[in-house]
Amino acid sequence: MIKVEKVSKCYGEFYALKDISFEIEQGECVILSGVSGSGKSTLLSLIGAFDKPTSGFIEVDGDIISKFPDFHASTYRLQKIGFVFQDFNLISSFSVKENILSATIPLNQSKKETNKRIEEAMNLANISHKAFQNSSSLSGGEKQRCAIARALVNNPDILLFDEPTASLDAKSVESFIKMLETFHHMGKSIILATHDVRLLDLKIKTKVIRLQDGEIIA
């Protein structure tokens, strides 16, 4: 489903990624493991088509997404990608439901279909009870669940998580792991960038790719 072939990414003379290659099958759960600065977040942004590699290519379902012009990259993200950012990227003045709604606007769906999708996403992320609460007043775990619901609302095939447990307490981490298991059983392809060892021992089958200084070491 996803093929990363000899991908490098440099900023000036600094290489964030160096000649990275691997493949991910549909429905796999993959952990990008490594300390801060190892290239995990850069790799996520390339798979999500938020940025382009300096060399090499990324293929998703037969399309070379790393060569997409901006418009096609936006369409790809809308249809294929659910991205949960480390800082959640919620609109603080919006309620939970309004934040999730914002992701559906480009689809131009009927109000009935939109509301159905939002309700399903909130239920999956266990945040329905906070639907009308302002996102700025949520706890860290609740903000993450809101961000997850927003990522799920367009029913993407691929879920990308950037340091998903960085600001969570132990109880919230446990809740997040249970959600991961649910998404895995739904057939979603899951890619997590993390240095949290608690995510290296999930009950679901995972592939771990270890990065160091922009290179795969294991």
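Data block above holds the structure.
This report concerns the structure included in the present document. Keep in mind it's a predicted model, so treat the numbers as computed, not measured.

Let us look at the overall build of the chain. In terms of helices and strands, the chain carries six helices and ten strands. By the compact-globule yardstick of 17 Å for 218 residues, the chain fits well, its C-alpha radius of gyration being 17 Å. Looking at the chain alone, contacts between residues at least 24 apart form 70% of all its contacts between residues at least 6 apart. Carbon and sulfur atoms provide 50% of the accessible area of the chain, an area that totals close to 10,600 Å². With 26 positive and 27 negative side-chain charges, the chain shows a spacing of 5 Å between the two charge centroids.

What follows deals with the packing of aromatic side chains. Centre distance and the angle of the planes are the two values used to describe a pair of aromatic rings. Per the counting criterion, the structure on display carries five aromatic pairs. On the basis of an interplanar angle of 70° and a centroid distance of 5.9 Å, the ring pair of Phe50 and Phe85 is categorised as edge-to-face. Of this pair, Phe50 sits in the loop between α1 (40–47) and β4 (55–60) while Phe85 sits in the loop between β6 (81–84) and α3 (96–102), and the two are 35 residues apart along the sequence. Judged by centre distance (6.2 Å) and plane angle (70°), the rings of Phe68 and Tyr76 are edge-to-face. Both residues of the pair, Phe68 and Tyr76, count as buried. Here a set of aromatic residues connected by ring pairs shows up, and it is made of Phe50, Phe83 and Phe85. Cation over ring: Arg77 sits above Phe50, and NZ or CZ is 4.8 Å from the ring centre.

Let us look at the environment of Arg77. Of note, Arg77 is situated in helix α2 (residues 70–80). Since its relative accessible area comes to 22%, Arg77 is described here as partly exposed. Looking at Arg77, its side chain comes within polar contact range of the main-chain oxygen of Ala49, at 2.5 Å.

Basis of the calculations
- Residues numbered from 1 in each chain as written.
- Predicted model: local features only at pLDDT ≥ 70, side-chain atom pairs only at ≥ 80, totals over all residues.
- Heavy atoms only, no water.
- Helix = DSSP H or I, 4+ residues; strand = E, 2+ residues; numbered from the N terminus.
- Rg over C-alpha atoms; globule rule 2.2 N^0.38 Å.
- Contact = heavy atoms within 4.5 Å.
- Areas by Shrake-Rupley, 256 points an atom, 1.4 Å probe, with all protein chains shown as cover.
- Lys, Arg positive; Asp, Glu negative; His and termini not counted.
- Charge placed at Lys NZ, Arg CZ, Asp CG, Glu CD.
- Phe/Tyr/Trp six-rings, centres within 6.5 Å; stacked < 30°, edge-to-face > 60°.
- Buried < 20%, exposed > 50% of the residue type's maximum accessible area, 1.4 Å probe, protein only.
- Lys NZ or Arg CZ within 6 Å of the ring centre and 35° of its normal.
- Polar contact = N/O pair within 3.5 Å; in protein donor to acceptor, adjacent residues only side chain to side chain.

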